[in-house]
Amino acid sequence: MRLNTALFDHMNDGVILTNKEGVIERANTAFLHKTGYTLKEVIGKKGRFFQSRPHNLDFYQKLWAQLRSEGYWQGIVDDRKKNGYLFKTYLKIFAIQSANNDKATHYLGIYTDVDLNSHDYEALLYHANNYDHLTQLPNTALFVEKITGIQALVQRYNTRFALLRIALHRFDAVHRLMDYALADEVLLQVVERLNKRLRSTDLMSRMADNEFIMALVDVKDFSSIEHVAGNILRWLQMPFMLQAHTVTISAHIGIAVYPDDHKDIKKLMGQTKLALTQAKMSAEGGYAFFNAPIAQSSDFQINDNTQL
């Protein structure tokens, strides 16, 4: 306990600890120095005490929505010192889970100084806005941007690319029953296994907690796509070793092919979601190619509003 207190108090970055409602319970010396407040002035205050006008209500609503769903948020924020001076800081917020990992009991905020005139600031901002915090994979927006660039090459050389939406099966149970950090380690090992098998031209993104999307570029035929999909299922069925635990999961994969299924990237990604629904009819894992007649049935109802 004394070691943890020493680390907390002597970090160069500003650190605050809040309860689940965002009320500050602890603040270190670096945070007090950055803001100009005394410990007495910040204890019992909510984090919004430091909020500045450049960020509107929608910004903070989205921040808290991600924090509650993913347990983490990071980004560049404008905060306010005691003297009213606005300053930019790189903020990371972590949820601290209860013993049985079913809810957040506290939040830890870490404030890092940024030099607005440095390339580091631009790099931090770009990374925070475009990459998943845990896996460091491109987020959906960056993935779509990269695929749109590949689309021009595919059209020029009259080839194909395939999108594979991969959903981990039984991961929710792992997340519910295991320590939060160990569940994250499963995700990191999943990404490591998949990355090792990707070619340099292929891409992968994290779509959601237990869902990824992969782009196989310049595929020759459908059998080669099936070969990769089958291999992915086998790789993810292999046990994951985590300290004293052994975890076994499986996966389902929904596949759509450009330009065979659609020439619009976002609609093609929507088709992978419908194909994934078809794949999930197999309880223990499997893959399915997008099937337009099935998707147009009442069970799937494909339309222009199908979400990514």
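Presented here is a report on the structure given in the accompanying data block. (Residues numbered from 1 in each chain as written. Predicted model: local features only at pLDDT ≥ 70, side-chain atom pairs only at ≥ 80, totals over all residues. Heavy atoms only, no water.)

A few words now on the environment of Ala128. For Ala128, the location among the structural elements is in helix H5 (residues 119-130). Each C-alpha atom of the pair Ala128 and Ile76 lies 7.9 Å from the other, and the pair is 52 residues apart in sequence. Setting aside anything within four residues of it in sequence, one finds Ala128 in contact with Gln74, Gly75 and Tyr90. (Helix = DSSP H or I, 4+ residues; strand = E, 2+ residues; numbered from the N terminus. Contact = heavy atoms within 4.5 Å.)

Strand order in the open sheet formed by five strands is S2-S1-S5-S4-S3, with antiparallel pairing between adjacent strands. The open sheet has two edge strands with one neighbour each: strand S2 (24-27) and strand S3 (72-80). The mean angle between the axes of side-by-side strands here comes to 25 degrees, regardless of whether they run parallel or antiparallel. With three bridges joining them, strand S1 (residues 14-19) and S2 adopt antiparallel strand pairing. Of the residues in S2, the one forming a bridge with Thr18 is Ile24. (Pairing = 2+ DSSP bridges. Axes fitted to C-alpha atoms, helices over the stretch in contact; angles between N-to-C directions.)

Moving on: the packing of helix H6 (residues 140-157) against helix H10 (residues 265-279). The relative placement of two packed helices comes down to the angle between their axes together with the axis-to-axis distance. Contact geometry for H6 and H10: axes closest at 10 Å, N-to-C directions at 115 degrees. Considering how the two elements wind past one another, H6 and H10 form a crossing that is right-handed. In this structure, H6 contributes Thr140, Phe143, Val144, Ile147, Thr148 and Gln151 to the contact, and H10 contributes Ile265, Lys266 and Met269. When grouped by side-chain class, the residues that make up the contact of H6 with H10 number five nonpolar, three polar and one charged. (Left-handed = near helix turned anticlockwise from the far one by under 90°. Nonpolar A, V, L, I, M, F, W, Y, C, P; charged D, E, K, R; others polar.)

A word on the pattern of salt bridges. The tally for this structure, following the rule as stated, stands at eight salt bridges. The closest approach of N and O atoms between Asp260 and Arg160, which form a salt bridge, is 2.8 Å. Residue Asp260 is found in the loop between strand S11 (250-258) and H10, and its partner Arg160 is found in strand S6 (residues 160-169); the two are separated by 100 residues along the sequence. In this structure, Glu192 and Lys196 form a salt bridge, with 3.7 Å as the shortest nitrogen-oxygen distance. Of this pair, Glu192 and Lys196 both sit in helix H8 (residues 180-197), four residues apart, which is roughly one turn of the helix. Judged by relative accessible area, Glu192 falls into the partly exposed class, the value being 43%. (Salt bridge = Lys/Arg side-chain N within 4 Å of Asp/Glu carboxyl O. Buried < 20%, exposed > 50% of the residue type's maximum accessible area, 1.4 Å probe, protein only.)

Right, let's talk about the nonpolar core for a bit. Of all hydrophobic cores here, the largest spans 35 residues; its most connected members are Leu164, Val190, Leu194, Met214, Ile232 and Leu236. Of all elements in the fold, only S6, helix H7 (171-177), H8, strand S8 (211-219), helix H9 (222-237), strand S9 (240-242) and S11 reach the threshold of two or more residues within this core. The dominant element in this core, judged by the number of residues it contributes, is H8, at seven residues. In this structure, Val217, Tyr258, Ile265 and Ala275 belong to the second largest nonpolar core, which totals 20 residues. (Core = buried A, V, L, I, M, F, W, Y, C linked by side-chain atoms within 4.5 Å.)

What follows concerns the packing of aromatic side chains. Under the definition given, this model contains seven aromatic pairs. Note on Phe161 and Tyr258: the rings are 4.8 Å apart at their centroids and 5 degrees apart in plane angle, and the pair reads as stacked. One end of the pair, Phe161, is in strand S6; the other, Tyr258, is in strand S11, with 97 residues separating them in the sequence. Residues Phe161 and Tyr258 agree in their burial class; the two are buried. With 5.6 Å between their ring centres and 50 degrees between their planes, Phe222 and Phe289 make a pair best called tilted. Here Phe222, found in helix H9, pairs with Phe289, found in strand S12 (residues 286-289); they are 67 residues apart in sequence, far enough to count as distant. (Phe/Tyr/Trp six-rings, centres within 6.5 Å; stacked < 30°, edge-to-face > 60°.)

What follows deals with the sheet that holds strand S7 (residues 203-208). With mixed pairing, five strands are arranged side by side in an open sheet as S7-S8-S6-S11-S12. Taken across any chain shown, the strands that pair with only one partner, and hence form the sheet edges, are S7 and S12. Looking at each pair of strands side by side, their axes are set apart by 20 degrees on average, direction ignored. On top of the sheet, H6 reaches S6, S7, S8 and S11; it is set at about 145 degrees to S7, its chief contact. Each of S6, S7, S8, S11 and S12 is contacted by H10, which is oriented at about 140 degrees to S11, the strand it contacts most.

Time to look at the pairing of S7. In terms of residue burial, S7 counts as a mostly covered element, since five of its six residues are buried. By the bridge criterion, five bridges tie S7 to S8 in an arrangement that is antiparallel. In the sheet register, Ala208 faces S8, and the bridge partner there is Glu211.

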